[in-house]
Structure formats: structure tokens, C-alpha cells
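# Summary of the model geometry
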Amino acid sequence: MRHAPSLLILGVVLAGAGCAPRADAPAPAEGPPAPVPPPATATLQGWCGKIPRAANRALPRAPIASDWFDIVEAAPGVYAFIEPQQFQEAVSYLIVGTRQALLFDTGLGMVPLRPLVERLTRLPVTVLNSHTHYDHAGGNWEFDRILAVETPYTRANMAGFPHAELATEVAADAFCSGAPAGLDTAAFRTRPWSATATVRDGDTIDLGGRTLEVLHVPGHTPDATALLDRANGLLFTGDSYYDGPIWLFVPETDLDAYDRSMARLAALAPGLRQLLPAHNSARVAPDRLGAALDAVRTVRTGRVAPAVRESGGRLTFTIGGVSILTAQPLLDGQAGDRTRGGSGLTAWP
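Residues numbered from 1 in each chain as written. Predicted model: local features only at pLDDT ≥ 70, side-chain atom pairs only at ≥ 80, totals over all residues. Heavy atoms only, no water.

Here the focus is the state of the cysteines. Summed over all chains, the structure comprises one disulfide. Two residues, Cys48 and Cys176, share a disulfide whose sulfurs are 2.2 Å apart. Here Cys176 lies in the loop between helix H5 (163-166) and strand E7 (197-199) and Cys48 lies in the segment before helix H1 (54-57), a separation of 128 residues in the sequence. Cys48 gets classed as partly exposed once you look at its relative accessible area, which sits at 26%. The class of Cys176 is partly exposed, set by a relative accessible area of 23%. (Disulfide = S-S within 2.5 Å. Helix = DSSP H or I, 4+ residues; strand = E, 2+ residues; numbered from the N terminus. Buried < 20%, exposed > 50% of the residue type's maximum accessible area, 1.4 Å probe, protein only.)

Structure representation (C-alpha cells):
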């Protein structure tokens, strides 16, 4: 999707937003094939020994605690909800203004997030996802005000994902210290949700004392979104960049679009103080954007060999301290179906 940039101040629109949960809906029909196993680079090969990560350990603790989430203050008025006990190490961010707050991603959906959010702020809260892979929208159903990028891919993912597609995410070796209390690992799925309003590239969200710019940065997924807090020098990157193997292997990934999006983000680096990614470390130096762009361009030349070959045709390259996990069909220029949705776990047929 490409729209001309527009200016949309959402302060009034979001004023009535809240956190009342939606009524549960029936599980979606079992449809997609079972995914390939998690990448070897993300399993228990030393991962547990890295948590809490040094960057997260250095951040101030939030005034609340959780048995599942590691909650830290990533920047003034910005709380990171890290899920370090599951190999995805998903990170969601509560961004607090003076009139309202925005929750950028809702995590894995394995433990309720809304009660913790409500302990940190009494302001109305609106959700926006960095993209709609399962590990970033798992808790969407808990909230009644959700913004979304308008794409067929996003609409398809609103149905949630069945257990068959997520079973590897709750296998014993997906956890560092076991599954969270109360989680039914034999039936785990993500619940349906729906958007109450849409956003597009160039829109702004006024939280009161803090303005966020919406950047549509397709590539990792068709609906990949970043948030720019220009005044405070913060860029919320979603999965476009994070410290760790950057997943660019699923059929919905578009490497040409990713190149363009990363070039756009890297150009912002001189004006940034911190990156706030959606996995692993909750605060990262801005110069990593340029390193990631250089790495993916080097991979695409075809002149470097992968460091690791994995199941499902996946290839891991490590260049300049950046790991890229991609797939040969994408490197060959093939395009998957970018309208049918995807959990983030499926492989090429």
C-alpha cells in the first residue's frame, strides 16, 4: 500500500479509548499447514544464558513487577514489556503522554497484558501493532481501541492463528524456564480481534506532550510499521531491526521493499538517540540501521555464503555484526502471497 503522506492528529479521535476487553470469539478454523520448527539460531543454544540481556539489565525497573514480563523504562515515559522466557523475546512498548497512551504491540498473548498496563497508567490506551505476526498481536483481543494499517494481509491476520500453526511456539524447548502458569500449551492459539480505526504513512498520533509519526515500512511484512518520536529522538523499529537474527524468510517478506524501508529508516539515524526494537534488547544504538541495510544488500549480491543452512530452505548470513535469516526463494526473486496473512512462522511450500 502506498498513500501520499497526510497529517492526521488523533488526539481527539483517541480520547475515548480504553482497555475494556472484547468478547471472546470462536477459534478460527484450522487452515494453514503446520510451520517448520523454530530456527536453530533462536533455540536453547545458549539463549537462556543471555537473559536478562545487558542492555535491558541497565534500564530502570518499572514500578510494577510480573512473573512473566520483564518491565523496564526504556526511555522517559516509555515502558518496555519484555517476554524473555520464550525464545521470541518479544518486546511491546507502552508510550505515555499527558492525555492518553499508546501500546505498540501486545506480545505473544500467553499472559494477560492489560492488567499490567492499567497498573502503569490510568489514561485511555490505544493499540497499534508494528506488524501483525502472532508474536506482536497476541494480546490485541484484550483492548477495545486498535489502530491498524489497511492491508489485505492485516485483515487476514485479524482472525487469529490456530494451535496447529503455533504448536512449536509452546513446545518445551521454546521456553527457558517452562511455560507460564496457567497456559494450556496443548491448545494455545491467538484470539480474533478487529481494528477500530486505520492509520497510514505520515499520520501523527498526539498523546499530549508527545507526538508519534507513523511510518509504513513494508518488507518484513506488508503491514510493517515504525513509530518516530522525533522530539525525543526515539524510533520504534518493530521487526525491521533488532539485535539478533533478523527474520526475512517467510513468503510474505518482500526484500525489495525491505531495502527501501531500511534506507528510509537509516537516513533518520543522525537525528536519533535510541532505537526501541520489538525483540531482545529494548534499547539499541541508531547506527545499527545502516549496518543492517549494508548486510542485507551484501547478502543479496549472492557473493557471500550462508553461515548456517536450516530446515525449510532457510539461510543465516552474518555480516558486520548483523545476522540475516532469509530463504533461497526470496533471494531468487520469488514472491509469496502477501494477501493471505501469516503468523510469521510458515515456510515456503
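Both strand E14 (residues 308-309) and strand E15 (residues 314-319) contribute to a ladder of two bridges, which runs antiparallel. Paired with Val308 across the strands is Thr316, a residue of E15. Following E14, the chain reverses through four residues before pairing antiparallel with E15; Gly312 in that reversal takes a positive phi of roughly 75 degrees. Bridge count between E15 and strand E16 (residues 322-327): six bridges; the pairing is antiparallel. Across the sheet, Ile319 pairs through a bridge with Val322, a residue of E16. (Pairing = 2+ DSSP bridges.)

On to the environment of Ser194. Within the element layout of this structure, Ser194 appears in the loop between H5 and E7. Classification of Ser194 by relative accessible area gives partly exposed; the value is 30%. Separated by 50 residues in the primary sequence, Ser194 and Asp144 have C-alpha atoms spaced 8.7 Å apart.

Regular strands show a simple pattern: their side chains alternate between the two faces of the sheet. Neither face of strand E6 (residues 146-149) is left uncovered, since the one carrying Ile146 and Ala148 and the one carrying Leu147 and Val149 both have all their residues buried. The sheet contact formed by strand E5 (residues 125-128) and E6 spans two bridges and is parallel. By the bridge assignment for E6, Leu128 is matched with Leu147. Inspection of the sheet shows E6 paired to E7 by three bridges, in the parallel sense. Paired with Leu147 across the strands is Ala197, a residue of E7.

Let us look at unusual backbone geometry. Across the junction of Ile51 and Pro52, the peptide omega takes the value -5 degrees, indicating a cis bond. Not every positive phi belongs to a glycine, and Glu89 is a case in point at roughly 45 degrees. Inspection of the secondary structure puts Glu89 in the loop between strand E2 (78-82) and strand E3 (91-96). We classify Glu89 as buried; its relative accessible area is 2%.

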